[in-house]
Amino acid sequence: MAVDELQAIIQRCQILEEADFKGEDFNLFQVAGQKCLEDGYAAQLLEVIQNEKNKVIVKNMGWNLISPLVRCIFMYKQEDDKREHCLRILDQLAQLCNPKELFLGLLEQIEQTSGEQVCQTVMLLLQPLQTVLLKLQNKKAYSVGLSLAMIMNQLTPLPVPYTKQQIQEDKLGLCQCCNAVVDFAKPFVDEVVKNMEKSSEYNDMELKEELIKFCMKSLKYPLLTAQLEQLEGIEEHPFRHFATEIIDILWNMRELIPLVFVRHKGKSPHWENEEFAGIERKNSADSLACLSYLVFVQHFGVECFPVVFSPSYLLLCNMTHIEVLLKRTEESVLSKGLDLFESCLLRMEDNSLLHHYLEFRDFTNVPKDLVKIMTLCPMEHMRKKSLHVLQLFIDKFDTEGKYTLCRCLLKTSNHAGVEGYIIKNIKDQIHLALTKGDDNVWFTGHHLISLLDLVLSLPEGAETDLLQNSDKIMASLNLLRYLVIKDCESDNQTGVWTTLGKIEQNFLKPLRVGLNMSKAHYEAEIKNKKENRKEAHSSNTVCSVTVSGEKMPAMTTGMQLQVLHSALFTFDLIESVLARVEELIEVKTKAVMDEN
């Protein structure tokens, strides 16, 4: 019945001129063709389309069959003959239909797909879409750009497989689809390259610009969040292959080195809306950061680069990208930022980075980002990695750079643990200055005294929370103990003996008072808890604790006592080091007085 209806419409249209086709004819052809497909008469529909007499009809009306055709292809099983017939119909339509009409029909079909069928639909329609685009004469660059943008927009909401198992399963087909999209773009890349080879002054930039946009989008998604390390058991990592192809496209179009070093100088869209302009800048920054990671960490395309760049210049070029990556919170992106930073630093000799680089905003912002990761990131391995990279960064600077960076971090970290770590670095630098005797003016004399003003201080005097600041206080006391032991008052290389009165007034005395107050307070708390426990005849009395607005698990009286005793132990530890420092100062001062 459906085939008879289609034949009747075909016979009526065969006698009409192309210009005489009416809207009604298009509708009737679409309805009859769709009915043939749905009723299982794909083979008969294929015969109609292949018939030479129907060439003009198919050219004008065939594109209307794309939507029902795609539905039927997904409805039939892989081995079904009807599915094969549908695929052949799709191929025939790509060859015979009006390119402009079919292009819009294919694009509309890709736009309408969603969820789990996105990758399947895209992969199904890539070949006919490529065939149609290669036939287009007018607005070819625009059409290629529109196609690639539409495809990438549809893929972007899909989750990127990250673990080895997810990549192997490729549940939604994203890994396969991404590489199919690159193959789809290759003829257009070849066209650009061919035209560039013909003329050194290649002026037709439109198609090239569209392909660069596609590469930039691909760098942001899926490559920015993809797992790109070699995985055991995966012979050809799909995302590594995809990355290689993207790098190859940029290299072949002579854009790889300009993008890595000089930034993209092509046309950037002008947005009247500042919000859209901001989004465009952020997307571009993410893409360029990912590109640098691919080149300098994974070494994609690195063989193309001239070996003329100094390690410090490579670090300078990459600091903006490192900052972009470290601002993110996703493990996959954050790890790329840390790896890129580490890779750049490992190329350098220790003490080789000039302090002038700290005049660049990125060189002071990035260590602050590392501190945030060290103190706030929930993943332990990320915290450890950021600490390792921060130490590498400090080690690479010259003496003045180390001094300036330590000073900056002491002022900005707002974290006792980090401050304690920086103070340990300062102690190591003072030790080098005293033992090497190489006229290190930054960690001796008046420069050091200025730094000690930050180190040997309590933010709120005697009322400072000693428990919260215990890491910094212990590091400061250890540093002061070292200075008193290592630097004789007669030499006074560090200048610590000159400023000892100030240190005692601003640090040692308030610390002693603070310790006495804190110990008295905690001992009273312990006494109260013990008395309350006796009254309750049970250690199971619980109290609730709230931290940052979130209610923590209830604590028994026994647990509370354990915490209080732990605090007292910390105070005892601080007090023992403080007593030793005071003793050393007294002994050394007395010895000098006896000599005099």
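The preceding data block contains the structure.
The rules behind the values
- Residues numbered from 1 in each chain as written.
- Predicted model: local features only at pLDDT ≥ 70, side-chain atom pairs only at ≥ 80, totals over all residues.
- Heavy atoms only, no water.
- Helix = DSSP H or I, 4+ residues; strand = E, 2+ residues; numbered from the N terminus.
- Buried < 20%, exposed > 50% of the residue type's maximum accessible area, 1.4 Å probe, protein only.
- Contact = heavy atoms within 4.5 Å.
- Areas by Shrake-Rupley, 256 points an atom, 1.4 Å probe, with all protein chains shown as cover.
- Core = buried A, V, L, I, M, F, W, Y, C linked by side-chain atoms within 4.5 Å.
- Phe/Tyr/Trp six-rings, centres within 6.5 Å; stacked < 30°, edge-to-face > 60°.
- Lys NZ or Arg CZ within 6 Å of the ring centre and 35° of its normal.
- Axes fitted to C-alpha atoms, helices over the stretch in contact; angles between N-to-C directions.
- Parallel < 35°, antiparallel > 145°, perpendicular 65-115°, else oblique.
- Left-handed = near helix turned anticlockwise from the far one by under 90°.
- Nonpolar A, V, L, I, M, F, W, Y, C, P; charged D, E, K, R; others polar.
- Disulfide = S-S within 2.5 Å.
- Patch = residues over 30% accessible without salt bridge, like charges linked within 9 Å, V, L, I, M, F, W, Y side chains within 5 Å.
- Salt bridge = Lys/Arg side-chain N within 4 Å of Asp/Glu carboxyl O.

**Q** Please clarify how the overall build of the chain should be interpreted in this entry.
**A** For the chain, the helix and strand inventory stands at 25 helices and two strands. With 596 residues in all, the chain has 48% of them scored as buried. For the chain, the share of sequence-separated contacts (at least 6 apart) that also reach a separation of at least 24 residues comes to 75%. Summed over its atoms, the accessible surface of the chain is roughly 30400 Å², and 50% of this surface lies on carbon and sulfur atoms.

**Q** Before we go on, may I ask you to explain the nonpolar core in this structure?
**A** One recurring pattern in soluble globular proteins is that nonpolar side chains are buried together. Core analysis: the largest hydrophobic core is formed by 183 residues, its most contacted members being Leu 155, Leu 294, Phe 341, Ile 426, Leu 477 and Leu 511. Looking at this core, the element that brings in the most residues is helix 11 (residues 174-198), giving 13 residues. Not counting residues up to four positions away in its chain, the partners in contact with Leu 294 are Leu 219, Leu 223, Leu 228, Ala 243, Ile 247, His 299 and Phe 300.

**Q** So what exactly am I meant to see when it comes to the packing of aromatic side chains here?
**A** How two aromatic rings sit relative to each other is set out by the distance from centre to centre and by the angle between their planes. The full count for this structure, using the stated rule, is 16 aromatic pairs. For the pair Phe 393 and Phe 397, a centre-to-centre distance of 5.0 Å together with 80 degrees between the ring planes defines the contact as edge-to-face. Like Phe 393, the residue Phe 397 is buried in the burial classification. An aromatic cluster is built from Phe 341, Tyr 357, Phe 360, Phe 363, Phe 393 and Phe 397, whose rings are joined through pairwise contacts. Just above the ring of Tyr 293 sits the side chain of Lys 336; from NZ or CZ to the centre is 5.5 Å. Taking the ring centre of Tyr 482 as reference, the NZ or CZ of Lys 427 above it sits at 5.2 Å.

**Q** What's the story with the packing of helix 17 (residues 331-346) against helix 19 (residues 380-396) in this structure? I'm lost.
**A** Two quantities define a packed helix pair, namely the angle between the helix axes and the distance between the axes. Relative orientation of the contacting elements helix 17 and helix 19 amounts to 25 degrees, with a least axis distance of 10 Å. The angle between helix 17 and helix 19 falls in the class roughly parallel. With respect to the hand of their crossing, helix 17 and helix 19 are arranged in left-handed fashion. For the pair helix 17 and helix 19, the contacting residues are Glu 331, Ser 335, Leu 338, Asp 339, Phe 341, Glu 342, Leu 345 and Leu 346 in the first and His 381, Met 382, Lys 385, Ser 386, His 388, Val 389, Leu 392, Phe 393 and Lys 396 in the second. Taken together, the residues of the contact of helix 17 with helix 19 break down into eight nonpolar, four polar and five charged.

**Q** Looking at this structure, how should I read the state of the cysteines?
**A** Two cysteines whose sulfur atoms are joined by a covalent bond form what is called a disulfide. Applying the stated criterion to the full structure yields zero disulfides. Cysteine Cys 86 is unpaired, with the sulfur of Cys 72 as its nearest cysteine sulfur at 5.3 Å. Of all cysteine sulfurs, the one in Cys 344 lies closest to Cys 317, which takes part in no disulfide; the gap is 9.1 Å.

**Q** Explain the environment of Leu 136 to me, please; I cannot follow it from the model alone.
**A** Note that Leu 136 resides in the loop between helix 8 (118-135) and helix 9 (140-155). For Leu 136, a relative accessible area of 11% translates into the label buried. Measuring from C-alpha to C-alpha, the distance between Leu 136 and Asn 98 comes to 9.7 Å, with 38 residues separating the pair along the chain. Setting aside anything within four residues of it in sequence, one finds Leu 136 in contact with Pro 99, Lys 100 and Ser 143.

**Q** Explain a nonpolar patch on the surface to me, please; I cannot follow it from the model alone.
**A** A surface patch of nonpolar side chains, amounting to about 270 Å² of accessible area, comprises Val 308, Phe 309 and Tyr 313. Given a relative accessible area of 30%, Phe 309 falls into the partly exposed group.

**Q** Whenever I open this one, the pattern of salt bridges confuses me. Can you help?
**A** A side chain with one charge can pair with a side chain of the opposite charge if their charged atoms come near. One pass over the structure, following the stated rule, counts 24 salt bridges. When the shortest N-O distance is used, the salt bridge between Asp 183 and Lys 186 registers 3.4 Å. Of this pair, Asp 183 and Lys 186 both sit in helix 11, three residues apart, which is roughly one turn of that helix. Given a relative accessible area of 41%, Asp 183 falls into the partly exposed group. Residue classification places Lys 186 among the partly exposed positions, given a relative accessible area of 32%. The structure contains a network of salt bridges with shared partners spanning Glu 323, Lys 327, Arg 361, Asp 362 and Asp 369.

This is a description of form; function is not addressed.
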